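Spelled out, the chains give:
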Amino acid sequence: MVLAQLGGSISRALQNMSNSTVIDEAVFHDCLNEINRALLQADVQFELIRNMHANIKNIVNLDGLAAGHSKRKIIQQAVFDELCKMLDPTTGIKSSSFFFPKKGKTSVVMFVGLQGSGKTTTCTKYAHYYQKKGLKPGLVCADTFRAGAFDQLKQNATKAKIPFYGSYMESDPVKIAVEGVERFKEENCDLIILDTSGRHKQEAALFEEMRQLSEATKPDLVIFVMDSSIGQAAFGQAQAFKQSVAVGAVIITKMDGHAKGGGSLSAVAATKSHVIFLGTGEHMDEFEVFEVRPFVRRLLG
Ligand code: GDP
């Protein structure tokens, strides 16, 4: 089920409820069950659905509502708010406490994720996004595991006219990362981006390498990049990364494909961080800022 379908199914459940002449417990119950089914089909983790269901039931107390209150509106608002909360556990927390790269201050941002998730592509998109905002980025290839990673990032960086640091000869990613960060600090870059190696699956060696890289470069932000199509595996994968490094934000890629919506909801829940961007294609500009409320509004149509 693609994300738009998930929104469509939830909207339909709310619409069916609205069409009933009387909104009583039975109608409310049917509506919530329909929403649960839609979320399950979209690969949202069962635990999350159960929590959402309980929260909505707690908020909406049909018996306690005085006459004249629009039950329909109260239920719709509760569903909307819970979907927002699911997508961003930091909803309601002041955004000034989040990390944003700033001009005139050197920040280090480390990207992590499995091989093929779109990490390297996303590093350049992220750099390009802030370059357009007037910041001076630098890209460091600390992926010595995948043959071709160096050339790919270098090519992308050159195309976007972003300074690049990497090595064909050096096999120690920590050494490259430290040297790259130093180099770009000397060049007064505002935003130093580290592309780290992925693996085909979650494995101890990858997590150990990530820990060492993080220890050596002390990133201001660690971004977990996840392919939107991984479905039910999302929660476990995101949790494994979060246990190794301090993931502070998530970027979901390949939202242009047959992406299931549930993966992003689960990744957010597992990392207790928020989605900051969505990848919507292979090209540099196919990159969208993620904003929860407009996203959910659009999702529900
Ligand atoms: P890495 O192994 O995680 O560094 O992944 P890459 O950046 O090499 O990306 C793997 C493949 O996914 C490449 O063919 C990219 O062009 C493609 N890709 C990355 N992001 C997106 C996206 O948002 N949409 C689509 N359609 N393809 C993407």
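Bear in mind the structure is a predicted one, so any value in this text is a computation, not a measurement.

1. Focus on the sheet that holds strand S5 (residues 221–227)
Strand pairing in a sheet is mediated by backbone hydrogen bonds. Such pairs are either parallel or antiparallel.
Working step 1: One open sheet accounts for eight strands, arranged S3-S2-S4-S1-S5-S6-S7-S8; its pairing is mixed. The open sheet terminates on both sides in strands that have one partner only, identified here as strand S3 (164–165) and strand S8 (287–289).
Working step 2: Relative to strand S7 (residues 274–279), strand S6 (residues 247–253) is paired through four bridges, and the arrangement is parallel. Bridging across to S7, Ile-251 finds its partner in Phe-277.

2. Considerations on the environment of Leu-153
Working step 1: Looking at where Leu-153 falls in the secondary structure, it is placed in helix H6 (residues 149–159).
Working step 2: Judged by relative accessible area, which is 0%, Leu-153 ranks as buried.
Working step 3: Separated by 63 residues in sequence, Leu-153 and Ala-216 have C-alpha atoms that sit 21 Å apart.
Working step 4: Apart from the residues lying within four places of it in its own chain, the contact partners of Leu-153 are Thr-120, Cys-123, Thr-124, Leu-139, Val-140, Cys-141, Phe-164 and Asp-195.

3. Some remarks on the pattern of salt bridges
Working step 1: The final tally for this structure, using the stated rule, is 11 salt bridges.
Working step 2: When the shortest N-O distance is used, the salt bridge between Arg-293 and Asp-81 registers 3.3 Å. Of this pair, Arg-293 sits in helix H11 (residues 292–300) while Asp-81 is found in helix H4 (residues 71–87), placing the two residues 212 residues apart along the sequence.
Working step 3: Judged by its relative accessible area of 34%, Arg-293 is partly exposed.
Working step 4: Notably, a salt bridge pairs Lys-132 with Asp-285, separated by 3.2 Å at the nearest N-O pair. Residue Lys-132 is located in helix H5 (residues 119–132), and its partner Asp-285 is located in the loop between S7 and S8; the two are separated by 153 residues in the primary sequence. In this structure, Lys-132 and Asp-285 share a single accessibility class: exposed.

4. Digging into helix H7 (residues 173–186)
Three or four residues apart is the spacing at which side chains of an α-helix point the same way, because the helix has 3.6 residues per turn.
Working step 1: Taking 1.5 Å of rise per residue, the 14 residues of H7 would be expected to cover 20 Å, and the 20 Å separating its terminal C-alpha atoms lies within 8% of that figure.
Working step 2: Of all the positions in H7, only Pro-173, Val-174, Ile-176, Ala-177, Gly-180, Val-181 and Phe-184 are classed as buried. End-on, the buried residues of H7 take up no more than an arc of 160°, which puts them together on one face.
Working step 3: The secondary structure elements touched by the buried residues of H7 are strand S1 (107–112), strand S2 (137–142), S3, strand S4 (191–196) and helix H8 (204–217).
Working step 4: Its side-chain oxygen placed 3.0 Å from the backbone nitrogen of Val-174, Asp-172 serves as the N-cap of H7.

5. Thoughts on the state of the cysteines
Working step 1: Overall, the coordinates contain zero disulfides when judged by the stated rule.
Working step 2: Among the cysteines around Cys-31, which has no disulfide bond, Cys-84 carries the closest sulfur, lying 16 Å off.
Working step 3: Looking at the unpaired Cys-123, the closest cysteine sulfur is the one in Cys-141, lying at 9.0 Å.

6. Observations concerning the confidence of the model for the protein chain
Working step 1: On average, residues of the protein chain score 88 in pLDDT, and 92% of them reach the 70 mark or higher.
Working step 2: Note on the complex model: pTM 0.87, ipTM 0.99.

7. Observations regarding a negative patch on the surface
Working step 1: A cluster of acidic side chains, namely Asp-24, Glu-25, Asp-30 and Asp-63, defines a negative patch on the protein surface.
Working step 2: Along the chain, the position of Glu-25 falls in helix H2 (residues 25–41).

8. Quick notes on the packing of aromatic side chains
We describe a pair of aromatic rings using the distance from one ring centre to the other and the angle between the two ring planes.
Working step 1: The final tally for this structure, using the stated rule, is 10 aromatic pairs.
Working step 2: Plain terms: the ring middles of Tyr-129 and Phe-277 are 4.9 Å apart, the flat faces sit at 70° to each other, and that makes the pair edge-to-face. A residue pair is termed long-range when its members are at least 10 positions apart, and Tyr-129 in helix H5 and Phe-277 in strand S7 qualify at 148 residues.
Working step 3: Taking 4.4 Å as the distance between ring centres and 15° as the angle between the ring planes, the aromatic pair formed by Phe-277 and Phe-287 counts as stacked. One end of the pair, Phe-277, is in strand S7; the other, Phe-287, is in strand S8, with 10 residues separating them in the sequence.

9. Points about H2
Working step 1: When the terminal C-alpha atoms of H2 are compared, their 24 Å separation across 17 residues agrees well with the 24 Å that a helix rising 1.5 Å per residue should span.
Working step 2: Listing the buried residues of H2 in full gives Val-27, Phe-28, Cys-31, Leu-32, Ile-35, Asn-36, Ala-38 and Leu-39.
Working step 3: Downstream of H2 by a residue or two, Asp-43 has a phi angle that is positive, lying close to 75°.

10. Observations regarding the nonpolar core
Working step 1: Core analysis: the biggest nonpolar cluster contains 73 residues, and Ile-10, Ile-35, Leu-39, Ile-75, Val-79, Leu-83 and Phe-241 have the highest contact counts within it.
Working step 2: With eight residues, H4 is the single largest residue contributor to this core.
Working step 3: Residues contacting Phe-241, with those up to four places away along its chain left out, are Val-112, Gly-113, Leu-114, Leu-206, Phe-207, Met-210, Phe-224 and Val-247.
Working step 4: With 26 residues, the next largest nonpolar core counts Leu-135, Ala-160, Ile-193 and Ala-249 among its residues.

11. A few points about the site of the ligand
Working step 1: In the region of the ligand, 17 residues are neighbours, and Gly-116, Lys-119, Thr-120, Thr-121 and Asp-256 sit closest.
Working step 2: Between an oxygen atom of the ligand and a main-chain N or O atom of Gly-116, the distance comes to 2.7 Å.
Working step 3: One of the backbone N or O atoms of Lys-254 is found 3.0 Å from an oxygen atom in the ligand.
Working step 4: Computed on the free molecule, the ligand has an accessible area of 590 Å², of which 81% lies beneath the protein chains in the complex.
Working step 5: Among the elements that take part in the shell around the ligand, H5 stands out by supplying four residues, more than any other.

Scoring rules and cut-offs
- Residues numbered from 1 in each chain as written.
- Predicted model: local features only at pLDDT ≥ 70, side-chain atom pairs only at ≥ 80, totals over all residues.
- Heavy atoms only, no water.
- Pairing = 2+ DSSP bridges.
- Helix = DSSP H or I, 4+ residues; strand = E, 2+ residues; numbered from the N terminus.
- Buried < 20%, exposed > 50% of the residue type's maximum accessible area, 1.4 Å probe, protein only.
- Contact = heavy atoms within 4.5 Å.
- Salt bridge = Lys/Arg side-chain N within 4 Å of Asp/Glu carboxyl O.
- Expected span 1.5 Å × (residues − 1).
- Arc of directions from axis to C-beta.
- Polar contact = N/O pair within 3.5 Å; in protein donor to acceptor, adjacent residues only side chain to side chain.
- Disulfide = S-S within 2.5 Å.
- pLDDT = per-residue confidence, 0-100.
- Patch = residues over 30% accessible without salt bridge, like charges linked within 9 Å, V, L, I, M, F, W, Y side chains within 5 Å.
- Areas by Shrake-Rupley, 256 points an atom, 1.4 Å probe, with all protein chains shown as cover.
- Lys, Arg positive; Asp, Glu negative; His and termini not counted.
- Charge placed at Lys NZ, Arg CZ, Asp CG, Glu CD.
- Phe/Tyr/Trp six-rings, centres within 6.5 Å; stacked < 30°, edge-to-face > 60°.
- Core = buried A, V, L, I, M, F, W, Y, C linked by side-chain atoms within 4.5 Å.
- Near = heavy atom within 4 Å.

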